[in-house]
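# Coordinate inspection notes
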Amino acid sequence: MTHLARNSWRIFSFIFIVALITISSCKKDEPQDDPNIKPDENRFTKVVLTEGMDEPMEMTFLPDSRILFVERKGGVKIFDEKTGEVTLVATIPVNTKYTNKEGVVREAEEGLMGVIVHPDYEKNNWVYLYFADPVDTQHVLARYELKGNTLVEESKKILLVVPTQREECCHTGGGMVFDQEGNLYLTVGNNTVNPRSGSSNLDERPGFESSDDQRAPGNTNDLRGKILRIHPEDDGTYTIPKGNLFPVGTEKTKPEIYTMGHRNPWRPTLDSETGYLYWGEVGPDASIDSIWGPKGYDEFNQAKGPGFFGWPYFIGDNQPYNKHDLATDTYGAPFDVLKPVNESVNNTGLRELPTPVVPAFIWYPYGVSEVFPMLGSSGRSATGGPVFRKKDFAKNAPYTFPAYYEGKWLIVDFMRGWIMAVSMDENGDYQSMERFLPKETFSSAIDMDFGPDGALYILEYGSAWFRGNSNSRIVKIEYNAGNRKPNVQVAADKLAGAVPFTANFSSAGTNDYDDYDQGKLSYAWSITEAGGATIELQGEEVSHTFETAGTYKITLTVTDTKGESNSASLDLVAGNEKPLVSIDFKGKNQTFYFGDLSMDYEILVTDKEDGSTADGTIKKEEVAVTFDYVPAGFDPIEMASKQSGAESQAILNIGRNLIEKSDCKSCHQYDTTSIGPSYAAVAQKYPNTPANASMLVGKIINGGSGVWGDHAMSAHPQLSEADAKRMVDYIFSLNEVQATVSSLPLVGKINPKVPEGEDGEGGYLLRAYYSDKGAGNITALSGEDFIGLRNPYLDPQLSEIRQGVQLLTTPSVNFFMVGDQSYVGFKNIDMTGVKEIMLYLGISDRVDAKGASVDIRIDSPTGELIGQTEKVTKAPNGGFRPPAGVSRTEWRRQNSAKPFATLKEVTGKHDIYFIFKNADVKGEEILVAINEIQFKN
């Protein structure tokens, strides 16, 4: 080899090594998609897309970042991610009621239950809807053309009809999914009443056919309680694909059946790699094993092929029910899982049922499961969820999950609020599970699937059954595989003042999740006067002296090592000092109203430029002082923080908050037309007169139609006339110039009174507000102070500090404490004069609650102990509903355990912690439910 060749080789080798080092260095900075490395939680972002729907049921994805979803009462809607707008496409006539044997009409679970688009939607515009026929007792699978935002009624073709009954509620199914061969899977519920025993439905007595699940889920000749598999054809019919449970022509069978023996199968999904079918299935209510058989279990199930999944004879891992003759109320032997037979008089299908009976994949009761303890304990309602396969998404899909989740099944429970990632082995058998995003809660998730962009979408039904909920929503979980922008925090020690003054600015709390950016962020500050020059500063903390009056924008821009940046800003006013407003409450407790007939107060306002109320330079009529009743369900302190000033009348904002809490946003917006008119349009149409107020209150409570279009306004019978009147008052205010509020004196007495129509369970808000006169061309600044007096019965949902809390949100809120040393805390509670605390606790066998004692501490969970309760393990059982004439609040108090603690003397404001203790529990077992906490003076 020549000398030149040797040198060339050395140069090449050097360059090659440098390149390798460079590549290696770059790879250290970039996250690798290693299936064995769990991604950081902070790589996932939870985004709320839209809220306030009317019983959303199922969703499916359209091209161009649009989501098609359906609502139980018949609404077909499209949400456009690009614009953030929801469009009503159509309203399908559906049945939502049933009439029981006594002739009483009640709400059923049925209506518009499911939706899915055809795999070739971009070519044929076909969508499939599953709904309850408005006239005939049947559920219908129909195909429509969806062109743009128009559902073409003339294109409707009915593919499939499922005969049903409407004498009893419940369980409809309606979940749909297509496989890669164009076969459509449809879940169909058992269409059966829930038995009082919370057990299986095996009632063969004449006249009780709707209470016998042997006539549907256990019947090979009935479509209910099944998962059907059909192949929709272009002409609007369907054919039967090969591989279903019963070949075409088999006597006493339905060839559409793929799996049978289901109680309430919910949202199905298919693993695109294996073809296995997965779904959630809601089980019966029994909380303990009994003479009827095993306790109730919800299930997450897997079908590797067609099969019989056991109901109504078996549940969970094939635990058998006992034969039960309800006519004689006698019991027989357990059903034989090796030779299942259907001998019911209501059976029209085969006697011998398919074997082997397929056990549940995952099963869990109300209490903690010994097999799957991670699922915790609480109410339960297994929904389902998707199996992640990376190949299902385009390479440029921006939010595709990492390889760590490859092949995992993501499951969600409607009641419990968690998402679990379930791992299977190479045979598809259960291996393990772990919680996905454990710090997040996904309440009332009725559907969950991956979108074309790779993000995980969750459809949340909302808190209460059979009505629209303001907290119903579509949520998406986005994954960021690359560099993350800095998270910027900016603060100042002073944002207003007379010139000259110096303000100190801090970036404390700013961070970056990427390790390679730690300690390497750059901080650039800009101080810009409106219409003037900009001053640039560098550093994590900076100071500046303002010598010229004006308004300024303070912006901090933080840049990482990849050149990506994020910003945060503050507004500052120089040339005017903010006024100080204070309320002297004369030694009274400033958190709770303990029933005083009158209370003394004094208001003091000082302002550097304007003077003071003490010397009369600020006139008493320039200060707005108000005292208002705050209804139960609203926190006076939260109400105060939402006001822009006392003069804006807190009572009007109570009306707005009632609107926000209702389902009104499903059909109305404040100043734009939606399904119904805007509130501004209503205010303009109807002058504020007693007659119009009474008419609108009636429409809100009773519903109405024909004034603004064809869409009927829903009734709201659960609203009191007082609350409906508040809503109307707020709507009227949108078309009025507000008159000056009649203000209280600066020194005086307040006399708390409960307004007519209220229950007295609310609180009070005393508020003082002053807007100064500005300084030359400098804008006016305002100051305020308030005292929010809560009802001494505190709702645990007002707690700001929580550990070991589990919320069951449907049909009413249950606030469970889970695990030893779980706690809740309330911030800034005035303990002056508080001598005793009583807790109202629910301890239910239904969720296997274990009971607890309670430590009460101040300022931290390990702070000074000021009181303790005895351990309680039982509470009165008054049933599920209050008797006639008894309010729900009073009923819950009567049926609570009531441990109490006598307190050490404590004065002033503190954070108060309630620590729930039971050293005998294992893991996340439910201890108690907190109904209320009463502070006594």
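First, a word on what this report is: a plain description of the structure on this page. (Residues numbered from 1 in each chain as written. Predicted model: local features only at pLDDT ≥ 70, side-chain atom pairs only at ≥ 80, totals over all residues. Heavy atoms only, no water.)

## Looking at the overall build of the protein chain
The condition that has to hold: Starting at the N terminus, helices and strands are each numbered in turn, a helix being any DSSP run of H or I of at least four residues and a strand any DSSP run of E of at least two. Radius of gyration: over C-alpha atoms. The globule rule applied is 2.2 Å multiplied by the number of residues raised to the 0.38 power. Burial status follows relative accessibility: with a 1.4 Å probe on protein chains alone, a residue under 20% of its type maximum counts as buried, one over 50% as exposed, and anything between as partly exposed. In what follows, residue pairs with any heavy atoms lying within 4.5 Å of each other are defined as contacts. To measure how exposed things are, a 1.4 Å probe is used in the Shrake-Rupley method; for residues, cover is taken only from the protein chains shown. Residues counted as positive are Lys and Arg, residues counted as negative are Asp and Glu, and His and the chain ends are not counted. For this purpose, a charge sits on NZ of Lys, CZ of Arg, CG of Asp or CD of Glu.
Across its full length, the protein chain holds eight helices and 58 strands. A compact globule built from 937 residues should have a C-alpha radius of gyration of about 30 Å, and the protein chain, at 32 Å, falls within 12% of that. Structurally, the protein chain occupies a C-alpha span of about 105 × 100 × 60 Å along its principal axes. Counting over 937 residues, the protein chain shows a buried share of 52%. In the protein chain, the proportion of contacts linking residues at least 24 apart, taken out of those at least 6 apart, comes to 63%. For the protein chain, the accessible surface area stands at approximately 42,000 Å², while carbon and sulfur atoms represent 50% of it. Put simply, the protein chain has 92 plus and 129 minus side-chain charges, and the middle of one group is 2 Å from the middle of the other.

## A few points about the sheet that holds strand E35 (residues 501-506)
As a general point, the strands of a sheet are linked pairwise by backbone hydrogen bonds and lie either parallel or antiparallel. As a reminder of what qualifies: At least two DSSP bridges between two strands are needed for those strands to be called paired.
As summarised here, the arrangement of the three strands in space is E33-E35-E38, forming an open sheet in which the pairing is antiparallel. Of all strands in the sheet, those with a lone pairing partner are strand E33 (491-492) and strand E38 (541-546), marking the two edges. Where E35 and E38 come together, six bridges link them in antiparallel fashion. Opposite Phe501, over in E38, you have Phe546 as the bridge partner.

## Some remarks on the environment of Glu836
As for its placement among the helices and strands, Glu836 is situated in strand E53 (residues 836-842). Put simply, Glu836 and Phe914 are 78 residues apart on the chain and 13 Å apart in space, counted from C-alpha to C-alpha. Setting aside residues up to four positions removed in sequence, Glu836 forms contacts with Phe900, Ala901, Thr902, Leu903, Gln934, Phe935 and Lys936.

## With respect to helix H6 (residues 690-702)
Put simply, the rule reads: Here the expected span of a helix is defined as 1.5 Å times the quantity of residues minus one. Think of the arc as the fan of directions from the helix axis to the C-beta atoms.
The end-to-end C-alpha separation of H6 is 18 Å, in line with the 18 Å expected for 13 residues at 1.5 Å each. Three or more residues of H6 are buried, namely Asn692, Ala693, Leu696, Val697, Ile700 and Ile701. Here the buried residues of H6 occupy an arc of 165° about the axis, which is enough to place them on one side. Summarising the geometry of H6, the exposed residues directed more than 90 degrees from the buried face are Ala691, Ser694 and Asn702.

## Section: the state of the cysteines
Heads up, the condition is: By disulfide we mean two sulfur atoms from cysteines, separated by a distance within 2.5 Å.
The tally for this structure, following the rule as stated, stands at one disulfide. In this model, Cys169 is linked to Cys170 through a disulfide, with the two sulfur atoms separated by 2.0 Å. Around the S-S axis, the bridge from Cys169 to Cys170 shows a dihedral of about 100° and counts as right-handed. A relative accessible area of 10% places Cys169 in the buried class.

## Describing the side chain of Lys77
Its place among the elements puts Lys77 in strand E4 (residues 75-80). On the basis of relative accessible area, Lys77 is assigned to the buried category, the value being 4%.

## Looking at the environment of Tyr686
If you trace the backbone, Tyr686 turns up in the loop between helix H5 (679-685) and H6. C-alpha of Tyr686 to C-alpha of Leu696: the two residues are 10 residues apart in sequence and 9.1 Å apart in space. Apart from residues no more than four positions distant in its own chain, Tyr686 is found in contact with Asn692, Met695, Leu696, Val707, Trp708 and Phe732.

## Considering the pairing of strand E55 (residues 864-868)
When strand E54 (residues 853-858) meets E55, the two strands line up antiparallel, connected through four bridges. Residue Ile856 lies in a different strand from E55, and its bridge partner there is Gly867. Here E54 folds back onto E55, and the loop between the two strands holds five residues, one of which, Asp859, carries a positive phi near 75°.

## Section: the environment of Ala498
Considering the arrangement of structural elements, one finds Ala498 in the loop between strand E34 (496-497) and E35. A relative accessible area of 15% means that Ala498 is categorised as buried. Expressed as a C-alpha distance, the spacing of Ala498 and Ala775, which sit 277 residues apart in the sequence, is 9.1 Å.

## Some details on the packing of aromatic side chains
Here is the rule: Any two of the Phe, Tyr and Trp rings considered here, Trp counted by its six-membered ring, make a pair once their centres fall within 6.5 Å; the pair's planes then place it as stacked at under 30 degrees, edge-to-face at over 60, or tilted in between. Over a ring means this: the NZ of a Lys or the CZ of an Arg is within 6 Å of the ring centre and within 35 degrees of the ring normal.
One pass over the structure, following the stated rule, counts 45 aromatic pairs. Relative to Phe361, the ring of Tyr278 has its centre 6.3 Å away and its plane inclined at 75°; by these criteria the two rings are edge-to-face. On the criterion of sequence distance, the pair formed by Tyr278 in strand E18 (residues 277-281) and Phe361 in the loop between strand E24 (330-334) and strand E25 (362-364) is long-range, its members being 83 residues apart. Using a relative accessible area of 1% as the deciding quantity, one classes Tyr278 as buried. Judged by relative accessible area, Phe361 falls into the buried class, the value being 11%. Across the ring face of Phe442, the terminal group of Lys46 is positioned such that the distance to the ring centre comes to 4.6 Å. Against the face of Trp126 rests Arg143, its NZ or CZ located 3.7 Å from the ring centre.

## Considering the sheet that holds strand E8 (residues 112-117)
Spelled out, the test is: Think of each axis as a best-fit line through the C-alpha atoms, taken over the contacting stretch in the case of a helix, with angles from 0 to 180 degrees between the N-to-C directions.
Spatial strand order, E8-E9-E10-E11: four strands in an open sheet with antiparallel pairing. Each edge of the open sheet is held by one strand with a lone partner, namely E8 and strand E11 (150-163). Pairs of neighbouring strands in the sheet enclose a mean axial angle of 20°, with direction left out of account. Of the strand pairs in this sheet, strand E9 (residues 126-132) and strand E10 (residues 138-147) are connected by seven bridges, and their pairing is antiparallel. Across the sheet, residue Leu129 finds its bridge partner in E10, namely Ala142.

Bear in mind that shape data such as this cannot, by itself, settle questions of function.
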